[in-house]
Amino acid sequence: MHFNPRYSSLNSKLYHQQQPSPLRGAKAGHFNEALADELQWNEEDKANWVEICSGQKTFAEFTPLAMVYAGHQFGQWAGQLGDGRGLLIGQILNQQGQTIDLHLKGAGSTPYSRMGDGRAVLRSVIREYLAGHALNALGVASSHAVGFTTSTQGVQRETLELGAMLLRTSECHIRLGHFEWINQYAPELLTEFTQKCIEWHYPECLEAENPILAFTEAVVERTAIMIAKWQLVGFAHGVMNTDNLNITGSTLDFGPYGFMERFRPNWINNHSDYQGRYTYQNQPSIGHWNLWTWLNNLIPLAKPEHKEHFKQDLATCLEKFEPTFLEHYGQGLCQKMGLPHFHKDSLDCSFAFLRILQTEQLDYTQSFIRLQNKEYKTLRDDCLDLRQFDAFLHQYQEIRKTQERDELDRVMQSANPHYILRNHMAQKAIELAERGDFSEVERLFKLLNQPYLKQPDLETEQDTAPLPSDVPEIMVSCSS
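Residues numbered from 1 in each chain as written. Predicted model: local features only at pLDDT ≥ 70, side-chain atom pairs only at ≥ 80, totals over all residues. Heavy atoms only, no water.

Participant: Break down the pairing of strand β4 (residues 70-73) for me, citing the residues and quoting the values.
Facilitator: Bridging between β4 and strand β5 (residues 76-80) involves three bridges; their strand directions are antiparallel. Looking at the pairing, His72 lines up with Trp77 of β5. Count of turn residues in the β4/β5 antiparallel hairpin: two residues, of which Phe74 carries a positive phi of about 55°. (Pairing = 2+ DSSP bridges. Helix = DSSP H or I, 4+ residues; strand = E, 2+ residues; numbered from the N terminus.)

This is how it looks when you write it as structure tokens:
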């Protein structure tokens, strides 16, 4: 590995250095060799992956540390938070020369654990491992993972479960909540911290007339693009607290997530979300709210005599969120539909299709595949309101006549995945893994690696269909 330690160069108030606390009886779970190659792991690193991914082996080039941050959770100020069960154990260069964080999850208690035990359980580790892999393959910026290990050590949750560790990777673990903590508890660090964030993650902004405003505008735009991509693949993060969004617009800390099956925009996938704050349909507005909260913490960067003008400049940066989101979501939706984005009726037709999916409670992912395959009769047969479907289909086919349809079909095929990580797919893999069988984790890992490619030799019937309507959905909580 090629180390580039930089977070530890910041003021020591921002972190606590400590070694991980390994679990008893660590055992191999699954290893992402392709990602290890991308991260320039040598053969010795690969041979030691179980020791690295279970906290038994750390590196002389980097002293592990837990970050401190704060945040708003479910819209309420939660005060000081931090890495309560995770440690940054390295910062290394990938093949493109980009610095990547190695973050060990489930590594034991830290000063920021509050009432927690600092551990993770096998069920949540597998869900995060597979979802990060799935999102990256879908083209959505996300954390990834080199591998995970299980153990013989029990961890108490609602029941006694197997303890596990995950070695997560991300281009950035600096959250919006980092700025909230600094603003509240160490305001003297704000200027230097912001400068480092720009140097490390947005160096192009250093050339701007006002680097701070260029930085904030870039964060706003990247976040809007990320959420647009979530909406397009039907991904619901589940817990969009300000401490769970980072400054590079990369999906992070999506414990109680879900990929939507039947199209229900108000679906609550996190059963800890009692008010439905983080439903699929709310994600764009919550992203905007989180960024507004973050920008308020940057106001002290202005000189007192310029504060009011700086506030207005920040507000102007935030105004870019909505048009950026709508542009990327609108273009992406037209691509999924196989419609030309420039046509005046394409978005109207696309939303008509979504209304059909919602009214008829059809599967989001497979309905687009049926449309792509021109299985119009099959779609129609699943509808009760035939007049609504026929009106849509007539408009849809008329719009498609205005452009070369082979090109529209090609774009459509690259925009519609055959496979998403449905909750019952993950659950089956978890149940087998808890009995020591990781074959289903391996199968899903392969299947989700190429979600846009039909894989009949690898898929099962359950991979492309929602649970029957009389079977309760699997609900996921923040308990992990």
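More follows now that the structure is in view.
Participant: Which residues make up the side chain of Asn269, and what are the values?
Facilitator: The residue Asn269 is located in the loop between β12 (258-259) and α8 (283-296) in this model. For Asn269, a relative accessible area of 2% translates into the label buried. (Buried < 20%, exposed > 50% of the residue type's maximum accessible area, 1.4 Å probe, protein only.)

Participant: Kindly report on helix α16 (residues 423-433), identifying the contributing residues and their values.
Facilitator: Across the 11 residues that make up α16, a large majority, eight, are buried. Of the positions making up α16, those classed as buried are Asn423, His424, Met425, Ala426, Ala429, Ile430, Leu432 and Ala433.

Participant: Outline the UniProt feature "binding site: Mg(2+)" (unreviewed entry) in the chain, supporting the account with residue identities and numerical values.
Facilitator: Look at the UniProt record and you will see "binding site: Mg(2+)" (unreviewed entry) annotated at Asn244 and Asp253. With respect to the helices and strands, the residue Asn244 is situated in the loop between β11 (235-236) and β12. With respect to the element layout, Asp253 can be found in the loop between β11 and β12. Its relative accessible area of 13% is what places Asp253 among the buried residues. Aside from chain neighbours lying at most four places away, what touches Asp253 is Lys105, Arg168, Arg175, His237, Val239, Asp243 and Asn244. (UniProt positions renumbered as here; feature names shortened; annotations may be inferred. Contact = heavy atoms within 4.5 Å.)

Participant: Lay out the nonpolar core in plain terms, naming residues and giving numbers.
Facilitator: Tyr7, Trp41, Phe179, Phe392, Tyr396 and Leu421 are the most contacted members of the largest nonpolar core, which totals 142 residues. Ranked by residues supplied to this core, first place goes to helix α7 (residues 211-233) with 12 residues. Shared between two domains, this core takes at least three residues from each, and those domains are domain 1 (2-174) and domain 2 (339-414). Discounting chain neighbours no more than four positions away, the residues touching Phe179 are Ile174, Leu190, Phe193, Thr194, Cys197, Phe215, Ile247, Trp294, Asn297 and Leu298. (Core = buried A, V, L, I, M, F, W, Y, C linked by side-chain atoms within 4.5 Å. Domains from an automatic or database assignment.)

Participant: Any chance you could break down helix α15 (residues 405-415) for me, citing the residues and the numbers?
Facilitator: Among all positions of α15, only Leu408, Asp409, Met412 and Ala415 are buried. Projected down its long axis, α15 shows its buried positions confined to an angular sector of 125°, all on one face. On its buried face, α15 sits against α10 (321-337), α12 (364-372) and α14 (386-400). For α15, the side-chain oxygen to backbone nitrogen distance between the N-cap and Asp406 is 3.3 Å, and the N-cap itself is Glu404. (Arc of directions from axis to C-beta. Polar contact = N/O pair within 3.5 Å; in protein donor to acceptor, adjacent residues only side chain to side chain.)

Participant: With reference to specific residues and values, describe the packing of aromatic side chains.
Facilitator: Under the defined criterion, the tally for this structure stands at 29 aromatic pairs. Judged by centre distance (5.7 Å) and plane angle (85°), the ring pair of Phe179 and Trp294 falls under edge-to-face. Pair noted here: Phe179 is in helix α5 (residues 176-185) and Trp294 is in helix α8, with a separation of 115 residues, a long-range link. Taking the relative accessible area as the measure of exposure, Phe179 reaches 0% and is therefore buried. For Trp294, a relative accessible area of 1% puts it in the buried group. On the numbers, 6.3 Å between centres and 80° between planes, the contact of Phe263 with Tyr280 is edge-to-face. Taken together, the residues Phe263 in the loop between β12 and α8 and Tyr280 in the loop between β12 and α8 connect sequence positions 17 residues apart. Each member of the pair, Phe263 as well as Tyr280, carries the same accessibility label: buried. Through a chain of ring-to-ring contacts, three or more aromatic side chains come together here, namely Phe263, Tyr280, Phe353, Tyr364, Phe368, Tyr376, Phe389, Phe392 and Tyr396. The ring centre of Trp289 lies 4.8 Å from the NZ or CZ of Arg277, which sits over that ring. Across the ring face of Phe368, the terminal group of Lys336 is positioned such that the distance to the ring centre comes to 4.5 Å. (Phe/Tyr/Trp six-rings, centres within 6.5 Å; stacked < 30°, edge-to-face > 60°. Lys NZ or Arg CZ within 6 Å of the ring centre and 35° of its normal.)

Participant: Give a description of the environment of Tyr280 that names residues and reports values.
Facilitator: Overall, the relative accessible area of 5% leaves Tyr280 in the buried class. With 22 residues separating them in the primary sequence, Tyr280 and Gly258 have C-alpha atoms 9.3 Å apart. If sequence neighbours within four positions are ignored, Tyr280 has contacts with Trp230, Gln231, Gly234, Phe235, Ala236, Met260, Phe263, Pro265, Trp267 and Tyr364. At 2.7 Å, the side chain of Tyr280 and the backbone oxygen of Gln231 are in polar contact.

Participant: Account for the UniProt feature "binding site: ATP" (unreviewed entry) in the chain, naming residues and giving values.
Facilitator: In the numbering used here, UniProt assigns the "binding site: ATP" (unreviewed entry) feature to Gly82, Gly84, Arg85, Lys105, Asp117, Gly118, Arg168, Arg175 and Asp253. Among the secondary structure elements, Gly118 is positioned in the loop between β7 (99-105) and β8 (120-121). Apart from residues lying up to four places away in sequence, Gly118 is in contact with Gly84, Arg85, Gly106, Ala107, Gly108, Ser109 and Ser113. Position of Arg168 among the secondary structure elements: in strand β10 (residues 160-170). Other than its neighbours up to four places away in sequence, Arg168 contacts Asp101, Leu102, His103, Lys105, Glu128, Ser143, His144, Ala145, His173, Arg175, Leu252 and Asp253. A polar atom in the side chain of Arg168 sits 3.0 Å from the side chain of Glu128.

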